[in-house]
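# Structural description and commentary
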Amino acid sequence: MKLPLVVANWKMHGTQAEAATLARQVLNGGRGIRDVEVVLAPPFTALSTVSAITIDSAIQLAAQNVHWETEGAFTGEISPKMARELGCQYVIIGHSERRRLFQESDQAVAQKMVAALRSDLRPIVCVGETLRERKRGKTNAVIARQLRAALKGVGKSAIEKVAVAYEPVWAIGTGRNATPEQIAAAHRWVRDLLQRLRGKKEAERCRILYGGSVRPDNAAELVKVPEVNGALVGGASLKAEAFLSIVRAFHSESVAES
Ligand code: 13P
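Presented here is an overview of the structure given in this document. Source: prediction; values computed, not measured.

## Examining the site of the ligand
- Around the ligand sit Asn9, Lys11, His95, Glu167, Ala171, Ile172, Gly173, Gly212, Ser213, Leu232, Gly234 and Gly235, and those are all the residues in its vicinity.
- With respect to the ligand, the side chain of glutamate 167 contributes an N or O atom lying 3.0 Å from an oxygen atom.
- One nitrogen or oxygen atom from the main chain of glycine 235 is found 2.8 Å from an oxygen atom belonging to the ligand.
- In isolation the ligand offers 310 Å² of accessible surface; the protein chains occlude 95% of this area.
- Residues belonging to the shell around the ligand are distributed by class as follows: three nonpolar, seven polar and two charged.

The following block contains the structure:
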């Protein structure tokens, strides 16, 4: 069975002191939850602080982005090796905010995927359509384009290390989350694509997360949607109790399943 994966994307929120408080609250409140993999993605500046707090726990760390080179003249960037050194096991790649606000291309996403895996960082690659693309019936085509590009350099054997986050752009930070039907259709499509691109058995091992206005009050509904193997949480992950209640929703679901 795939362990559900619930990721807190803190985005550009939190000083080191604030991040430390939040990490401690998640750590203490989440004790005893063993059947959900919990990952925190603080800003780069708080990674080592949070790492020192979570190091002896089951909580894992993610970087919110990495560059594809190991080192060099790339002002403002950090490499997978640096993220690894700070205690990251995961990295979020191709978040729509990076694609939209920082012009990150499909090609850059592909390069980052390869670089992350080379440094033993597990990529959480984000895909998802804008509202305009959905209204034009392009949702599946956009997801397919983004996923194909992202997996270009990822071989069959590495695919199990990859998690795909379906994050419809119109649902991020808007309070308007996708319906269970829309999520089920997109996740089915992602699973089909993974199977076609890298083989059925291999694709089964990938976790597909949903992201976009996930909150404690819609988490219970989300965990019941087929092919939802976890969540990528933004705003609600900045409050320990809200985040933990989403984690617990996945916890009860995996207990119910077993
Ligand atoms: P919100 O949960 O704030 O909508 O953000 C989702 C997201 O972008 C997570 O990566």
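## Quick notes on the pattern of salt bridges
- Scanning the model with the defined rule gives 15 salt bridges in all.
- Between glutamate 129 and arginine 134 there is a salt bridge, and its shortest N-O distance comes to 2.8 Å.
- Residues participating in the shared-partner salt-bridge network are Arg188, Arg191, Asp192 and Glu227.

## Details of the nonpolar core
- Within the largest apolar cluster, 73 residues are counted, with the highest numbers of intra-cluster contacts made by Leu40, Met113, Leu194, Phe243 and Phe250.
- Here this core gets eight residues from one element, more than from any other, and that element is helix H11 (residues 240-257).
- Setting aside its immediate chain neighbours within four residues, phenylalanine 243 contacts Val6, Val7, Ala8, Val26, Val38, Val39, Leu40, Val233, Ala236 and Ser237.
- In this structure, Ala62, Ile124, Leu209 and Leu232 belong to the second largest nonpolar core, which totals 13 residues.

## A word on the sheet that holds strand E1 (residues 5-9)
- A barrel is described by the order of its strands in space; here eight strands give the closed sequence E1-E2-E3-E4-E5-E6-E7-E8, paired in parallel fashion. The sheet shows a mean angle of 25° between the axes of neighbouring strands, direction not considered.
- In the sheet, E1 pairs with strand E2 (residues 37-41) via five bridges, with the strands oriented parallel. Counterpart to valine 6 in the pairing with E2 is valine 38.
- Packed on one face of the sheet, helix H8 (residues 180-198) meets strand E6 (163-166) and strand E7 (207-211) and runs near 150° to E7.

## Brief notes about the environment of arginine 98
- Assignment of secondary structure puts arginine 98 in helix H4 (residues 96-101).
- The partly exposed category is assigned to arginine 98, whose relative accessible area is 21%.
- Spatially, the C-alpha atoms of arginine 98 and leucine 86 are 22 Å apart, while their sequence positions differ by twelve residues.
- When residues no more than four places from it in sequence are discounted, the contact partners of arginine 98 are Gln64, Asn65, Gln103 and Glu104.
- At 3.0 Å, the side chain of arginine 98 and the side chain of glutamate 104 are in polar contact.

## Focus on the packing of aromatic side chains
- In the structure shown here, the tally under the stated rule is one aromatic pair.
- Summarising the aromatic geometry, the rings of tyrosine 166 and tyrosine 210 are spaced 6.2 Å apart at their centres and angled 55° between planes, so their arrangement reads as tilted. Pair noted here: tyrosine 166 is in strand E6 and tyrosine 210 is in strand E7, with a separation of 44 residues, a long-range link.
- Among the residues examined, tyrosine 166 registers a relative accessible area of 0% and is labelled buried.
- Under the relative-accessibility criterion, tyrosine 210 is labelled buried at 0%.
- Positioned over the ring face of phenylalanine 102 is arginine 98, at 4.4 Å from the centre of the ring.

## Some details on the pairing of E1
- In terms of burial, E1 is a largely internal element, five of the five residues being buried.
- Assessed by its sense of winding, the connection that carries the chain from E1 through helix H1 (residues 16-29) to E2 is right-handed.
- Pairing analysis gives four bridges linking E1 to strand E8 (residues 230-233), with the strands arranged parallel. By the bridge assignment, valine 6 is partnered in E8 with alanine 231.

Parameters at a glance
- Residues numbered from 1 in each chain as written.
- Predicted model: local features only at pLDDT ≥ 70, side-chain atom pairs only at ≥ 80, totals over all residues.
- Heavy atoms only, no water.
- Near = heavy atom within 4 Å.
- Polar contact = N/O pair within 3.5 Å; in protein donor to acceptor, adjacent residues only side chain to side chain.
- Areas by Shrake-Rupley, 256 points an atom, 1.4 Å probe, with all protein chains shown as cover.
- Nonpolar A, V, L, I, M, F, W, Y, C, P; charged D, E, K, R; others polar.
- Salt bridge = Lys/Arg side-chain N within 4 Å of Asp/Glu carboxyl O.
- Core = buried A, V, L, I, M, F, W, Y, C linked by side-chain atoms within 4.5 Å.
- Buried < 20%, exposed > 50% of the residue type's maximum accessible area, 1.4 Å probe, protein only.
- Helix = DSSP H or I, 4+ residues; strand = E, 2+ residues; numbered from the N terminus.
- Contact = heavy atoms within 4.5 Å.
- Pairing = 2+ DSSP bridges.
- Axes fitted to C-alpha atoms, helices over the stretch in contact; angles between N-to-C directions.
- Phe/Tyr/Trp six-rings, centres within 6.5 Å; stacked < 30°, edge-to-face > 60°.
- Lys NZ or Arg CZ within 6 Å of the ring centre and 35° of its normal.
- Right-handed = clockwise from strand over helix to strand, strands pointing away.

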